[in-house]
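The residues making up each chain are set out below.
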Amino acid sequence: MKKLESREDIELLVNSFYTKVIDDETIGFFFKDIIKVDFEKHLPKMYSFWETILFGQMSYKGNPMAVHFPINAMEAMEKHHFEQWLKLWKQTIEENFSGENANMAIIKSENIANLMAYKMEMARKL
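Residues numbered from 1 in each chain as written. Predicted model: local features only at pLDDT ≥ 70, side-chain atom pairs only at ≥ 80, totals over all residues. Heavy atoms only, no water.

Caption draft 1: Structural view of the overall build of the protein chain. In terms of regular secondary structure, the protein chain is built from six helices and two strands. Each helix and strand of the protein chain, ordered N terminal to C terminal, gives the series β-α-α-α-α-α-β-α. Relative to the 2.2 N^0.38 estimate, which gives 14 Å for 126 residues, the radius of gyration of the protein chain is 14 Å and therefore close to what a compact globule would have. With the principal axes as the frame, the protein chain shows a C-alpha extent of 45 × 30 × 25 Å. The 126 residues of the protein chain split such that 37% are buried. A sequence separation of at least 24 residues applies to 77% of the contacts in the protein chain between residues at least 6 apart. As displayed, the protein chain has an accessible area near 7,300 Å², and 53% of this comes from carbon and sulfur atoms. A gap of 5 Å separates the mean positions of the 16 positive and 19 negative side-chain charges of the protein chain. (Helix = DSSP H or I, 4+ residues; strand = E, 2+ residues; numbered from the N terminus. Rg over C-alpha atoms; globule rule 2.2 N^0.38 Å. Buried < 20%, exposed > 50% of the residue type's maximum accessible area, 1.4 Å probe, protein only. Contact = heavy atoms within 4.5 Å. Areas by Shrake-Rupley, 256 points an atom, 1.4 Å probe, with all protein chains shown as cover. Lys, Arg positive; Asp, Glu negative; His and termini not counted. Charge placed at Lys NZ, Arg CZ, Asp CG, Glu CD.)

Right under this line is the structure:
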């Protein structure tokens, strides 16, 4: 199994992940129907996000939490949605990579999913 160690690896991971997401019955509609993601713009942002998270490259500029609040206002992003996101992410990592950075990508994603689920739920209660 290949180690996760370069921007090219992140691109493979992110592309493979979003292939699953788009077709997923639980969360795909957020991307296709609710926000109608322009993947030509979105994917490079995700490459930079994960490159920053995993390799400290600081190539990502933005606030991922702030981006999700307006989506949550249109359609509730609930805990089970983040659990499905996490399941697909872990599955994609495990299919393609091993090693320390692959493990770190799982740990970081768990933290992100839990925080996002909590913040989205709290925002709906306001």
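Caption draft 2: Examining unusual backbone geometry more closely. Of note in this structure, Lys 36 is not a glycine but carries a positive phi near 45°. Within the secondary structure, Lys 36 sits in the loop between α2 (28-34) and α3 (39-55).

Caption draft 3: Structural context of the environment of Glu 83. Examined against the element boundaries, Glu 83 turns out to sit in helix α5 (residues 79-96). As a C-alpha pair, Glu 83 and Asn 114 span 31 residues in sequence and 8.4 Å in three-dimensional space.

Caption draft 4: Examining the pattern of salt bridges more closely. Taken as a whole, this structure holds seven salt bridges when the rule is applied. One salt bridge in this structure joins Lys 79 and Glu 83, with 3.8 Å as the shortest N-O distance. With a gap of four residues between them, Lys 79 and Glu 83 both fall in helix α5, about one helical turn apart. Salt-bridge contacts for Lys 90 lead to Glu 110; the nearest nitrogen and oxygen are separated by 2.9 Å. Within this pair, whereas Lys 90 is found in helix α5, its partner Glu 110 is found in helix α6 (residues 100-125), the two being separated by 20 residues in sequence. (Salt bridge = Lys/Arg side-chain N within 4 Å of Asp/Glu carboxyl O.)

The quantities given are spatial measurements derived from coordinates; they are silent on function.
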